[in-house]
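Spelled out from the first residue to the last, the chains are:
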Amino acid sequence: MSDSLLERAADEFRRQYGIPAAFCVRAPGRVNLLGEHTDYNGLPVLPMAIDRCIAIAARPRDGRRVRAVGLDWGHEIESFELAPAIPKHPQGHWMNYIKAGMQGILAKLCPDEREGMTGCDMVIAGNIPAEAGLSSSSALVVASAMTLLHVHHRTVGRLTLAEWMAEAEWYVGTRGGGMDQAVCLLGQPDHALQIDFFPLRAQPVSWPKEYAVVLCDSGVRAKKSESALRAYNFRSAECRLAARLLNQALARNGWESQFQRLGDLLRPPFHFSYTEIRDLAESALRDTYRYSELVQALGEESRVIEILRDCSIPGDPGDSGPRFHCGKRYRHVAREALRVVKSRELLDRGEMEAFGELMLEGHASARDDFEISCPPLDQLVRIAMESGAVGARLTGAGFGGCTVNVVRRDQVKEFLAAVRSHPGLPPSITHPGMIFPVNAAPAAAYYPIS
Ligand code: NG1
């Protein structure tokens, strides 16, 4: 774990504000091993907190102003006032993640407490590549919220804080699930986590020490303020529409209860198994729907428009607009959930070859059914497998970013050399900073100033 990051933040704090910081917070990024786009569908994920982090050095200040310097975003002081509805910086600006975390705390306090909240000065350092599917954004949201809590000597249980932060991050415009914030707050060294949702639960899964996790960055940036944001939210809308369609199929089979997210089918009154969920998702939906077909199937146009609007997709796209791939999306989600459950058992038994197979299946499904891959990611997966990985797949939201690779620890050197010297890859990717091993790291925590 890079203590140099904490030192950098603390040193820069002294330089910028002329006095020492009072404390530091460090929050890890994450790599997701399996379970992509399952979290907001209420189904499990298998991520790991990694030793790439955001570090904040901070000090309370009088008044409601929060001032921040981001060392990776120029050295300018940016600031805002704490308020129940904090106006946003321009779309995509890093300050929005700080605002998201802090507003997320304020939203949960009673009005009196909220009124009494004073601000702080902060310096932020980080070494998580941005827009690379490694959750630099959630690490910043969580670290900012923890900073405000510490300034006011408040503690909040980690599960509760993770739930608050999942919702808080919607401030920036994504309709994400809760994986990133949860692993950031609950991760453990030497372990992955199986995380379940609604309610949030996390179980550590021991990571076999004979195997390393290596990340390969495609260099393709999935900007969560631009097209990747629209594509992400569109997937979320397709899944919610798929839920509506499946509810109708269940009603036709005599079920009176309705579910909201696919994962609700695991619980009463349904008590479906993961396999039954998969079978239902595979059999009851068509791959693709036109807008008019959705409206017809769901009976009311306003319902469709409401879901689209809720996922920040404006208006009525009509039949000339995009198709809705409800069946394909749910097929991926349901099969992926099954892979998470199986992979957890395989990790417990140390069956890493079979684990690798599931990673490859997960990649194929993300590519073909969820359609979140791109040629550079597919190429990196192929090259990793030729270079000795036991498994490889894209990680995170997709549309760019990193692949995650599982490699025997005694073969990491050869693996790195083989990928870095691969003639098919451009020099921008073979740079050592783009292909690097990571370790399972501890959860976000406070650190004193040394
Ligand atoms: P990243 O890769 O950090 O953008 C996003 C979502 C997760 C999850 C994954 C896909 C946010 C903050 N994170 O992660 O909740 O849905 O995509 O598995 O929206």
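Rules used in this analysis
- Residues numbered from 1 in each chain as written.
- Predicted model: local features only at pLDDT ≥ 70, side-chain atom pairs only at ≥ 80, totals over all residues.
- Heavy atoms only, no water.
- Pairing = 2+ DSSP bridges.
- Helix = DSSP H or I, 4+ residues; strand = E, 2+ residues; numbered from the N terminus.
- Axes fitted to C-alpha atoms, helices over the stretch in contact; angles between N-to-C directions.
- Contact = heavy atoms within 4.5 Å.
- Polar contact = N/O pair within 3.5 Å; in protein donor to acceptor, adjacent residues only side chain to side chain.
- Buried < 20%, exposed > 50% of the residue type's maximum accessible area, 1.4 Å probe, protein only.
- Phe/Tyr/Trp six-rings, centres within 6.5 Å; stacked < 30°, edge-to-face > 60°.
- 1 Å grid on protein atoms, 1.4 Å probe; cavity = no way out; pocket = protein on both sides within 12 Å on 5 of 7 lines; lining within 4 Å.
- Points joined across faces, edges and corners; volume = space filled by probe spheres on them.
- Nonpolar A, V, L, I, M, F, W, Y, C, P; charged D, E, K, R; others polar.

**Student:** Now, about the sheet that holds strand E10 (residues 402-408): what can you tell me, with residues and values included?
**Tutor:** The 4 strands lie next to each other as E9-E10-E8-E11, forming an open sheet whose pairing is antiparallel. Edge positions in the sheet fall to strand E9 (391-394) and strand E11 (435-438), since each of these pairs with one other strand and no more. Each neighbouring strand pair of the sheet contributes to a mean axis angle of 25°, computed without reference to strand direction. In this sheet, E11 lies alongside strand E8 (residues 211-217) in antiparallel orientation, the contact comprising 4 bridges.

**Student:** Which residues make up the sheet that holds strand E2 (residues 46-60), and what are the values?
**Tutor:** Ordered in space as E4-E3-E5-E2-E1-E12, the 6 strands form an open sheet in which the pairing is mixed. Each having just a single partner strand, strand E4 (77-81) and strand E12 (445-447) make up the two edges of the open sheet. Recorded for the sheet is a direction-independent mean angle of 25° between the axes of neighbouring strands. Where helix H2 (residues 95-106) meets the sheet, it contacts strand E3 (65-70), E4 and strand E5 (120-126), and its direction lies at approximately 30° from that of E4.

**Student:** Quick one: what's the story with the side chain of Glu-169, residue by residue and with numbers?
**Tutor:** Here Glu-169 shows up in the loop between helix H5 (158-168) and helix H6 (179-186). At 2.9 Å, the side chain of Glu-169 and the side chain of Ser-137 are in polar contact.

**Student:** So what's going on with the pairing of E10? Residues and values would help.
**Tutor:** Extensive coverage of E10 is indicated by the burial of 6 of its 7 residues. Note that E8 and E10 share 7 bridges and pair antiparallel. If you follow Val-214 over to E10, its bridge partner there is Asn-405. By the bridge criterion, 4 bridges tie E9 to E10 in an arrangement that is antiparallel. Of the residues in E10, the one forming a bridge with Arg-393 is Val-404.

**Student:** Which residues make up the packing of aromatic side chains, and what are the values?
**Tutor:** Considering all chains together, one arrives at 10 aromatic pairs under this definition. Between Trp-73 and Trp-94, the aromatic rings sit 4.8 Å apart at their centres with planes inclined by 10°, giving stacked as the arrangement. Here Trp-73, found in the loop between E3 and E4, pairs with Trp-94, found in the loop between E4 and H2; they are 21 residues apart in sequence, far enough to count as distant. Judged by its relative accessible area of 37%, Trp-73 falls in the partly exposed class. Taken together through their ring pairs, the aromatic side chains of Trp-255, Phe-259, Phe-270 and Phe-272 make up a single cluster.

**Student:** Any chance you could break down the layout of surface pockets for me, citing the residues and the numbers?
**Tutor:** Of the pockets and cavities examined, the second largest pocket occupies roughly 690 Å³. Along the walls of the second largest pocket sit 30 residues, with Tyr-40, Trp-170, Phe-198, Gln-260 and Arg-261 positioned nearest its centre. Taken together, the elements giving at least two residues each to the lining of the second largest pocket come down to H5, helix H7 (227-252) and helix H10 (301-310). Ranked by residue count, the leading element in the lining of the second largest pocket is H7, at 6 residues. Here the lining of the second largest pocket is built from residues that sort into 14 nonpolar, 8 polar and 8 charged.

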